[in-house]
Amino acid sequence: QLQLVESGGGLVQPGGSLRLSCAASGLALDSYTIGWFRQAPGKEREGISCISKRGGSANYADSVKGRFTISRDNAKNTVYLQMNSLKPEDTAIYYCAASILYSDCGRKVVRWGQGTLVTVSS
């Protein structure tokens, strides 16, 4: 069955960059649309970006637009989130999640990853 594993999180200074990866196993990632989400302690989970099965469509939350870029390499069964110009308010656990339809992203999730922690601090 589909499994998702996030990696790439860590501690960075404000203004720095990280690239997160969401690697799939069990089933081919090109069968799924993938979303990135984050959750800070005590806060609601926030959807930040979604990408369609072939990468032809993508969207971003206003809070990350212009700073984050989602991409996918289906041959490697991996979706990426390039995070630039990081701010302290970006600190959260970041999760990827698989849905079937692009319109289902974040709403009808068939699998979540375990999360990777991003901390933006001086």
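Above this note sits the structure.
Since the model is a prediction, treat every value here as computed from it, not as a measurement. (Residues numbered from 1 in each chain as written. Predicted model: local features only at pLDDT ≥ 70, side-chain atom pairs only at ≥ 80, totals over all residues. Heavy atoms only, no water.)

J.: Just checking my understanding: could you explain the overall build of the chain for this structure?
T.: Secondary structure assignment for the chain yields zero helices and eleven strands. Going from the N terminus to the C terminus, the chain shows its helices and strands as β-β-β-β-β-β-β-β-β-β-β. Taking 14 Å as the expected radius of gyration for a compact globule of 122 residues, we find that the chain reaches 13 Å, a close match to that expectation. Here the chain holds 122 residues, and 41% of them are scored as buried. On the chain, roughly 6,300 Å² of surface is accessible, and the fraction owed to carbon and sulfur atoms is 47%. Separation between the mean location of the 14 positive side-chain charges and that of the 9 negative ones in the chain comes to 3 Å. (Helix = DSSP H or I, 4+ residues; strand = E, 2+ residues; numbered from the N terminus. Rg over C-alpha atoms; globule rule 2.2 N^0.38 Å. Buried < 20%, exposed > 50% of the residue type's maximum accessible area, 1.4 Å probe, protein only. Areas by Shrake-Rupley, 256 points an atom, 1.4 Å probe, with all protein chains shown as cover. Lys, Arg positive; Asp, Glu negative; His and termini not counted. Charge placed at Lys NZ, Arg CZ, Asp CG, Glu CD.)

J.: Please clarify how the nonpolar core should be interpreted in this entry.
T.: Note on soluble globular proteins: their nonpolar side chains tend to be buried together. Counting residues in each nonpolar core, the largest one holds 28 residues, and the members touching the most others are Ile34, Trp36, Leu81 and Tyr94. Broken down by secondary-structure element, the contributors of at least two residues to this core are strand 3 (18-25), strand 4 (33-39), strand 5 (46-51), strand 7 (68-73), strand 8 (78-83), strand 9 (92-99) and strand 11 (116-120). Excluding anything up to four places from it in sequence, Tyr94 contacts Glu6, Leu20, Trp36, Phe37, Arg38, Ile48, Phe68, Leu81, Met83, Gly115, Thr116 and Val118. (Core = buried A, V, L, I, M, F, W, Y, C linked by side-chain atoms within 4.5 Å. Contact = heavy atoms within 4.5 Å.)

J.: Please clarify how the pairing of strand 9 should be interpreted in this entry.
T.: Across a regular strand the side chains alternate sides, sitting on one face of the sheet and then on the other. Counting buried positions over the eight residues of strand 9 gives seven, a clear majority of the element. Note that strand 4 and strand 9 share seven bridges and pair antiparallel. Along strand 9, the bridge assignment pairs Thr33 with Ser99. In this sheet, strand 10 (residues 111-112) lies alongside strand 9 in antiparallel orientation, the contact comprising two bridges. Residue pairing in the sheet places Ala97 in a bridge with Trp112 of strand 10. (Pairing = 2+ DSSP bridges.)

J.: Mind showing me how you'd approach the layout of surface pockets here?
T.: Left-over empty space is what a probe sized like a water molecule reveals as it rolls over the atoms. Of the pockets and cavities examined, the largest pocket occupies roughly 200 Å³. Considering the residues around the largest pocket, the lining is formed by 14 residues, among which Gly47, Cys50, Asn59, Cys105 and Arg107 are closest to the centre. Among the elements of the structure, strand 5 and strand 6 (58-60) are those that each provide at least two residues to the lining of the largest pocket. Grouping the amino acids of the lining of the largest pocket by side-chain chemistry returns seven nonpolar, five polar and two charged. (1 Å grid on protein atoms, 1.4 Å probe; cavity = no way out; pocket = protein on both sides within 12 Å on 5 of 7 lines; lining within 4 Å. Points joined across faces, edges and corners; volume = space filled by probe spheres on them. Nonpolar A, V, L, I, M, F, W, Y, C, P; charged D, E, K, R; others polar.)

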